[in-house]
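Structural characterization, general
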Amino acid sequence: MKVSQKAAKSFKVIGREIHVWPVSVWGSDSVVTRFESLLSPDELTRAATFRFENLRRSFVLSRGALRVLIGSFLQAPPEKLLLILGSHGKPGVAQPGAGSPAFEFNVSHSGGIAIFAFSSDCAVGIDIEQIRPLEDMRKVATHFFSREESEDLFSLPPDERERAFFLCWTRKEAYVKAVGEGLSIPLDSFQVTLRPGEPARFLHLNHDVSLAQAWTLHNLEVASGYAAALAYRDAPRPVRLQPLIEMEELLNLVG
Ligand SMILES: CC(C)(COP(=O)(O)OP(=O)(O)OC[C@H]1O[C@@H](n2cnc3c(N)ncnc32)[C@H](O)[C@@H]1OP(=O)(O)O)[C@@H](O)C(=O)NCCC(=O)NCCS
């Protein structure tokens, strides 16, 4: 199933849809102040621990954007949402009322972009990375990737390797984040496709090909110079990928 790239802005997840919102993490002082007013006391304490002002602002903006988006989907005031952490640190949102379906989301940020995935009933994992030169690519790939992935990567022409490296990296991170167990999953215990142009998919999970077929991986084209991926355990679902938006536009959108 294809990712719909020019999805109309909507805060209603219909059926099996997964909505993906990439946001440019930049804002004027007044925008940062507006997002700051949405954070919980714990989040404000966390914001205060950042030593560098640019990192503090990025945290405030991306956490504030997460609250605004979840609040819009759940029709709840963003500042009243109770964000909770799973056992390995995967964030979730507490929802009043037993029996209401779990609202699932995941978050990633890199190089000034935060990206958020939302589903009404399916655990999702999302990852974005700014594509950049890596001096020790061979060492990192050998350490983190499966043997087959490393071989695939270094069989590519040198000018394709940087992109392929980050396609592989984001796909693996998206899987680990969908499962929610962080790096307790050995990253070399599963294999993804990584060749530019080749469809994103799992080749095996824990060396089991049939398990891999129960999962879906999407390549997300968010902005040039970035690699991004979405993973979940289900047959392919309709994915509504929003165009990259600015923080101020996001505030205006939700009023
Ligand atoms: C936290 C982790 C899940 C991803 O971290 P990351 O890629 O460095 O950072 P990202 O920006 O993509 O993701 C961070 C977000 O993931 C979410 N997250 C944290 N723990 C998570 C978990 N167990 N499961 C799912 N999501 C998680 C949080 O929302 C966090 O954002 P926040 O701190 O603003 O709330 C973890 O896997 C990690 O530290 N990875 C290290 C990177 C690595 O070794 N990668 C090898 C790839 S081959």
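Located above this text is the structure these notes cover.
The structure reproduced in this document is the subject of the present report. (Residues numbered from 1 in each chain as written. Predicted model: local features only at pLDDT ≥ 70, side-chain atom pairs only at ≥ 80, totals over all residues. Heavy atoms only, no water.)

1. What to know about the overall build of the chain
Within the chain one finds 8 helices and 13 strands. Here the C-alpha atoms of the chain give a radius of gyration of 18 Å, agreeing with the 18 Å that 2.2 N^0.38 yields for 255 residues. Seen through its C-alpha atoms, the chain measures out along the principal axes to roughly 50 × 40 × 35 Å. Looking at the 255 residues of the chain, the share that counts as buried comes to 48%. Within the chain, contacts between residues separated by at least 24 positions form 62% of all contacts whose residues are at least 6 apart in sequence. As displayed, the chain offers around 12600 Å² of accessible surface, 54% of which is attributable to carbon and sulfur atoms. Looking at the chain, you have 28 positive and 30 negative side-chain charges, and the mean spots of the two groups are 3 Å apart. (Helix = DSSP H or I, 4+ residues; strand = E, 2+ residues; numbered from the N terminus. Rg over C-alpha atoms; globule rule 2.2 N^0.38 Å. Buried < 20%, exposed > 50% of the residue type's maximum accessible area, 1.4 Å probe, protein only. Contact = heavy atoms within 4.5 Å. Areas by Shrake-Rupley, 256 points an atom, 1.4 Å probe, with all protein chains shown as cover. Lys, Arg positive; Asp, Glu negative; His and termini not counted. Charge placed at Lys NZ, Arg CZ, Asp CG, Glu CD.)

2. Description of the nonpolar core
Formed by 32 residues in total, the largest nonpolar core has its most connected members in Phe 35, Ile 70, Phe 116 and Phe 118. Here the element with the most residues in this core is helix H3 (residues 53–74); it accounts for 9 residues. With near-sequence residues (within four places) excluded, Ile 70 lies in contact with Leu 81, Leu 83, Val 93, Phe 103, Phe 105 and Phe 118. Phe 165, Leu 167, Ala 178 and Ala 229 belong to the second-largest nonpolar core, a separate cluster that totals 31 residues. (Core = buried A, V, L, I, M, F, W, Y, C linked by side-chain atoms within 4.5 Å.)

3. Some remarks on the packing of aromatic side chains
Inspection of every chain in the model, using the stated rule, returns 15 aromatic pairs. On the basis of an interplanar angle of 65 degrees and a centroid distance of 5.4 Å, the ring pair of Tyr 175 and Phe 202 is categorised as edge-to-face. Residue Tyr 175 is located in helix H6 (residues 158–179), and its partner Phe 202 is located in strand S9 (residues 202–205); the two are separated by 27 residues in the primary sequence. You can call Tyr 175 buried: its relative accessible area is 11%. Above the plane of the ring of Phe 154 lies Arg 138, whose end atom (NZ or CZ) is 4.0 Å from the centre. Positioned above the aromatic ring of Phe 190, the side-chain terminus of Lys 172 is 4.0 Å from the ring centre. (Phe/Tyr/Trp six-rings, centres within 6.5 Å; stacked < 30°, edge-to-face > 60°. Lys NZ or Arg CZ within 6 Å of the ring centre and 35° of its normal.)

4. Quick notes on the site of the ligand
Arg 63, His 88, Ser 108, Asp 127 and Glu 173 are the nearest of the 20 residues found near the ligand. One of the side-chain N or O atoms of Arg 63 is found 2.8 Å from an oxygen atom in the ligand. Take Gly 180: an N or O atom from its main chain is 3.1 Å from a nitrogen atom of the ligand. Computed on the free molecule, the ligand has an accessible area of 900 Å², of which 79% lies beneath the protein chains in the complex. At the level of elements, strand S5 (104–110) and H6 are the ones that each hand at least two residues to the shell around the ligand. (Near = heavy atom within 4 Å. Polar contact = N/O pair within 3.5 Å; in protein donor to acceptor, adjacent residues only side chain to side chain.)

5. Quick look at the packing of helix H5 (residues 147–154) against H6
Where H5 contacts H6, the axes come no closer than 9 Å and their chain directions differ by 155 degrees. Between H5 and H6, the angle falls in the class roughly antiparallel. The element H5 and its partner H6 pack so that their crossing is right-handed. Every residue of H6 that contacts H5 at Glu 149, Leu 153 and Phe 154 is listed here: Arg 161, Ala 164, Phe 165, Cys 168 and Lys 172. (Axes fitted to C-alpha atoms, helices over the stretch in contact; angles between N-to-C directions. Parallel < 35°, antiparallel > 145°, perpendicular 65-115°, else oblique. Left-handed = near helix turned anticlockwise from the far one by under 90°.)

6. Notes on the pairing of strand S7 (residues 124–130)
Side chains on a regular strand alternate between the two faces of the sheet. Burial analysis of S7 places 6 of its 7 residues in the buried class, the great majority of the element. Pairing geometry for S7 and strand S11 (residues 226–232), over 7 bridges, is antiparallel. Within the sheet, the bridge partner assigned to Glu 129 lies in S11 and is Ala 227. (Pairing = 2+ DSSP bridges.)

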